[in-house]
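Chain and residue survey
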Amino acid sequence: VYQFVMEHTPFRYEFSVWNERKEPARVVFRVFLAPFRYKNENDLDCRRNDFIELDRFVEEIGGGEEKTVTRESKDSSVLLPPGVTVEEILAGDKGDGAPCGCGWPRNLLIPRGTLHGMRTQLFV
């Protein structure tokens, strides 16, 4: 059986952040993608229905520290956990139990776009 599935190329986020406080801080990163708009570009309330959440994660940043935070697309918190494969079942590995079924399939994390491409903006 052959099934055609559209896949995106794996990618990673890299954010440079600086904690100007003297004590360590836990920082929540929420990453959103939205289509690029010329009209109402800065009116986020007008554009809020265009946003999709790509990821959400927490990092610890030391006091006075500048840090580059890197996150792989495969580690996104909005993706379905990987399921058990037929090979793993045949080998006797049942995995960690049934996945909850919550989240996006890996191939649907990034929107399809258009034939000529689609300009987007990343919001963190």
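Residues numbered from 1 in each chain as written. Predicted model: local features only at pLDDT ≥ 70, side-chain atom pairs only at ≥ 80, totals over all residues. Heavy atoms only, no water.

Things to note about the overall build of the chain
The helix and strand inventory of the chain stands at 2 helices and 5 strands. Counted from the first residue to the last, the chain has its helices and strands arranged as β-β-α-β-β-α-β. Against the 2.2 N^0.38 benchmark of 14 Å for 124 residues, the chain shows a C-alpha radius of gyration of 19 Å, more extended than a compact globule. If you line up the chain on its principal axes, its C-alpha atoms span 55 × 40 × 20 Å. Evaluated residue by residue, the chain yields a buried proportion of 19% over its 124 residues. Of the roughly 9800 Å² that the chain leaves accessible, carbon and sulfur atoms contribute 52%. Of the charged side chains in the chain, 17 are positive and 20 negative, and the gap between their average positions amounts to 5 Å. (Helix = DSSP H or I, 4+ residues; strand = E, 2+ residues; numbered from the N terminus. Rg over C-alpha atoms; globule rule 2.2 N^0.38 Å. Buried < 20%, exposed > 50% of the residue type's maximum accessible area, 1.4 Å probe, protein only. Areas by Shrake-Rupley, 256 points an atom, 1.4 Å probe, with all protein chains shown as cover. Lys, Arg positive; Asp, Glu negative; His and termini not counted. Charge placed at Lys NZ, Arg CZ, Asp CG, Glu CD.)

Regarding the confidence of the model for the chain
When pLDDT is averaged along the chain, the result is 85, and 91% of the positions lie at 70 or above. Within the chain, strand S4 (residues 66-72) carries the highest mean pLDDT (95), whereas helix H1 (residues 44-47) carries the lowest (77). (pLDDT = per-residue confidence, 0-100.)

Here we look at the nonpolar core
One finds Phe15, Phe29, Val31, Leu54 and Phe57 to be the most contacted residues of the largest nonpolar core, which totals 13 residues. Put simply, the parts of the chain that give this core at least two residues each are strand S1 (12-18), strand S2 (25-35) and strand S3 (52-61). What phenylalanine 29 contacts, discounting residues up to four positions off in sequence, is Phe15, Val17, Asp55, Arg56, Phe57, Glu59, Val69 and Val124. (Core = buried A, V, L, I, M, F, W, Y, C linked by side-chain atoms within 4.5 Å. Contact = heavy atoms within 4.5 Å.)

Some details on the side chain of serine 76
Mapped onto the fold, serine 76 is located in the loop between S4 and helix H2 (86-90). Within the local environment of serine 76, its side chain forms a polar contact with the backbone nitrogen of valine 78, the two atoms lying 3.3 Å apart. Those residues in contact with serine 76 that sit more than four places away from it in its chain are Leu54, Asp55, Arg71 and Leu109. (Polar contact = N/O pair within 3.5 Å; in protein donor to acceptor, adjacent residues only side chain to side chain.)

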